[in-house]
Amino acid sequence: MLPRLLLHERFISFNFSFENLFFKITPSICSFSSSSDAAPVLRDIFWWNSAIMRCFRIGEVENACKMFEEMPHRNIVTWNCMIAGYVKNFRLVDAQSIFDLMPHRNVVSYAALMTGFLQDGRVEEARNLFDNIPERNVVCWNSLISGYISNGRIRGARKLFDNMPSRNSVSWSIMVSGYIHQKKLDQAFKLFMQSPFHPTTLCNALLSGYIELGCLKEAEDLFARMESRDAVSWNSMITCYSRAGKMELAQQLFDEMPEKDVISWTAIIRGHLQNGNVKHASRLFEDMPSRDVMSWNTMVGGFVQNGLLDDALNLFNRMPNRDIVSWNTILQGFVHNNDVANARKWFENMPQRSETSWNTLISGYQTIEALGLFCDMVKEGFKPDQVTLVIVISVCGSLVALGWGRMLHLYVIRTGYELDILVTSSLISMYSRCGFVEDSSKVFHSMPKRDTIAWNAMISTYAYHGFAKEAIELYKKMILSNFHPDHATFLNLLLACSHKGLIDEGFRYFISMKEEWKLAPRAEHYSCLVDLLGRHGFIDQAYKLTEKVPEDLQTNSWETLLSACQVHRHLEVGELTAKRVFDKKHSDGGMHVLLSNIYAAKGKWSEASQIRALMREQGLKKETGCTWIEVNGKIFYFVSNDRSHPQVEKICRELDSIFFMLEGIC
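Residues numbered from 1 in each chain as written. Predicted model: local features only at pLDDT ≥ 70, side-chain atom pairs only at ≥ 80, totals over all residues. Heavy atoms only, no water.

Looking up the chain in an unreviewed UniProt entry gives the name Chlororespiratory reduction 4, with the organism given as Dendrobium nobile.

(A) Geometry of the UniProt feature "repeat: PPR" (unreviewed entry) in the chain. Residues annotated by UniProt as "repeat: PPR" (unreviewed entry) correspond here to residues 75–109, 137–171, 199–229, 230–264, 292–326 and 451–485. Summarising residues 292–326: 74% helix, 0% strand, and an end-to-end C-alpha distance of 12 Å. (UniProt positions renumbered as here; feature names shortened; annotations may be inferred. Helix = DSSP H or I, 4+ residues; strand = E, 2+ residues; numbered from the N terminus.)

(B) Representation of the packing of helix α19 (residues 262–274) against helix α20 (residues 278–287) within the structure. One way to put it is that α19 packs onto α20 with a least axis distance of 8 Å and a crossing angle of 160°. Classified by the angle their axes make, α19 and α20 are roughly antiparallel. Of the two elements, α19 crosses α20, and the hand of that crossing is left-handed. On α20, the residues that touch Trp265, Ile268, Ile269, His272 and Leu273 of α19 are Val278, His280, Ala281, Leu284, Phe285 and Asp287. When the residues that make up the contact of α19 with α20 are grouped by side-chain class, the tally is 8 nonpolar, 2 polar and 1 charged. (Axes fitted to C-alpha atoms, helices over the stretch in contact; angles between N-to-C directions. Parallel < 35°, antiparallel > 145°, perpendicular 65-115°, else oblique. Left-handed = near helix turned anticlockwise from the far one by under 90°. Contact = heavy atoms within 4.5 Å. Nonpolar A, V, L, I, M, F, W, Y, C, P; charged D, E, K, R; others polar.)

(C) Spotlight on helix α23 (residues 324–336). With 13 residues, α23 should reach 18 Å at 1.5 Å per residue; the first-to-last C-alpha distance of 18 Å fits that figure. Across the 13 residues of α23, 10 count as buried, placing the element largely inside the fold. If you check which residues of α23 are buried, you get Ile324, Ser326, Trp327, Asn328, Thr329, Ile330, Leu331, Gly333, Phe334 and Val335. Its side-chain oxygen 3.1 Å from the backbone nitrogen of Val325, Asp323 forms the N-cap of α23. Count one or two residues on from α23 and you reach Asn338, which has phi positive near 60°. (Expected span 1.5 Å × (residues − 1). Buried < 20%, exposed > 50% of the residue type's maximum accessible area, 1.4 Å probe, protein only. Polar contact = N/O pair within 3.5 Å; in protein donor to acceptor, adjacent residues only side chain to side chain.)

(D) Looking closely at the packing of aromatic side chains. Inspection of every chain in the model, using the stated rule, returns 24 aromatic pairs. Centre to centre, the rings of Trp358 and Phe382 are 5.8 Å apart; their planes meet at 50°, and the pair counts as tilted. Of this pair, Trp358 sits in helix α25 (residues 355–363) while Phe382 is found in the loop between α26 (368–379) and α27 (386–398), placing the two residues 24 residues apart along the sequence. Given a relative accessible area of 2%, Trp358 falls into the buried group. For Phe382, a relative accessible area of 18% puts it in the buried group. Centre to centre, the rings of Tyr462 and Phe467 are 6.3 Å apart; their planes meet at 75°, and the pair counts as edge-to-face. Judged by its relative accessible area of 12%, Tyr462 is buried. Three or more aromatic residues joined by ring pairs make a cluster, and in this case those are Phe316, Trp327, Phe334 and Trp346. A cation over an aromatic ring shows up here: Lys260 above the ring of Phe254, its NZ or CZ 5.2 Å from the ring centre. (Phe/Tyr/Trp six-rings, centres within 6.5 Å; stacked < 30°, edge-to-face > 60°. Lys NZ or Arg CZ within 6 Å of the ring centre and 35° of its normal.)

(E) Layout of the packing of helix α9 (residues 107–119) against helix α10 (residues 123–131). Where α9 meets α10, the closest approach of the two axes is 8 Å, and the angle between their N-to-C directions is 165°. Comparing the axis directions of α9 and α10 gives the class roughly antiparallel. Seen from above, α9 lies across α10 with left-handed handedness. Contact residues: Tyr110, Leu113, Met114, Phe117 and Leu118 in α9; Val123, Glu125, Ala126, Leu129 and Phe130 in α10. Taken together, the residues of the contact of α9 with α10 sort by class into 9 nonpolar, no polar and 1 charged.

(F) Summary view of α27. In this model α27 runs 18 Å from its N-terminal to its C-terminal C-alpha over 13 residues, within 8% of the 18 Å that 1.5 Å per residue would give. Among all positions of α27, only Thr388, Leu389, Ile391, Val392, Ile393, Val395, Cys396 and Gly397 are buried. On its buried face, α27 is in contact with α25, α26, α28 (402–414) and α29 (421–433). Between the side-chain oxygen at the start of α27 and the backbone nitrogen of Val387 there is a gap of 3.1 Å, and the oxygen is on Asp385.

(G) Expanded view of unusual backbone geometry. One non-glycine residue, Phe90, adopts positive backbone phi at about 60°. Along the chain, Phe90 falls in the loop between α7 (76–88) and α8 (92–101). Classification of Phe90 by relative accessible area gives exposed; the value is 73%. Here the phi dihedral of Lys183 falls at roughly 65°; this positive angle occurs in a residue that is not glycine. Assignment of secondary structure puts Lys183 in the loop between α13 (169–181) and α14 (185–194). Judged by relative accessible area, Lys183 falls into the exposed class, the value being 64%.

Laid out in structure tokens, this is it:
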């Protein structure tokens, strides 16, 4: 996330809001009134321009185009409105066409189109356009520098900065914040010290950057050195302490503030909520001299995050004014409580919905209902975003619904999300779960940019499908590409080694994770290490290793070892391991069945019967095995010994309907 001041500058430089860029007009002039009395007065060029702007603002692009064609006269503002409007609605080709047709251009014309190029990642074209601006002002320079930074070209941004004929405080803030965003703290501070401007806003930019990167000491030092502080400075530091879990210091700072605004109160309340101190946050909330809808939403959200849905509902009912965030927060609470039925009812009763509303509800389902909701979302005119696509593609992977997954892949391409790293990473995982390693590989290698999640997704694909060599080679390429592995990376490597019996390599990676990359092993890493030994018959060594695992991380390892004991019919270690498992986890029927099977495999039928009898006494059951298969876009579920499927006809009807909708969307 970019520091606040840089985001603010990007808003100034990139968005080119119609009011700020061109002119401000009264609501009456913006009106589309066509009454015979008003129309002759209002329908001058200002009326036409404002009407076009309003159409673009609410997404009615075709109406804006129609009005542009019908205009009796146009001025340069009209043409600039069209360029900025097309850019705002991501129609860069149309914006460029209008630019090329303009009889005359000014700096706003160039700047508006340059914004479109930068937002689309076409930095070179933006630079060429910038070079052709007849008279460049500092805003144009700032816009281009900000665009370079947003596209990861920090060196090019610095070169432009150094060549600026004149700079303002915003110029310095953009460059300082850019270095912080690239985690180049030394260069950020060095440039900050060179600045002839040391206004509070520039200090706040550096302070905000430190806070975003979790640099507590640097933030404290800068805050202490600031000659003047405004509310933003104090609020930022309160947020910094809150994120670091230092709520005593955050509260002390809040108490020392000379003037507190509603943002200050909200910041300290949010800090207490994030650190689990709900009661203190509630007291502060009740003591607030004034509240806005954000402070109400913060408190409602805090109740939800801490599992207090009833309190959240009570506060929601007290709210004098509610917005869509208020409704979405309660919806999220129902979903987090796995109460999908009430979540659906709440969703249906919402006065308005957003993409977040749909995403929240869809995330509550891991079945075909999620795909049906996705189709409904599109049909009702909402645009699926990154979150939507990741959720529904993941559902396709969970259901092994390859046909639907391919159609969603096509939808991703048609909507431009194939450049989104999270979406493409979910496609890699989806194809992997469906067993199509080659398709996962194609998606991975077609990615123009990758992050650790993408690398992990592909390493995981190779690991789960037994391609240990390929997983290890890809890991080496990941390191050479200057990406840092995380816990998931090493879990995948350990799985790859376990599946292929690469015991020495597995232990080397485990040691590397701790010593070289300073990552503390989690329960699943120890479990994989036990599996690495137990799977290949080293039961005694696996038992000794499990005994050395930190006690609070042992449960999964003992269960893994018990499974290995069954496979290798190792009764002695199996009995010892089962005792450890039952001490840790009393109600797992599956573990009892494993021990019973070990006895049975050794011919100890009496002991096996005793375990089964104990299960009956305690009411323990092993979950029934379940599998499913996709045929012609339909998913059929089967359980062990299932010889009939009374729900097939109903499922077929549901899937036919959803599949038809998906085909229409894609």
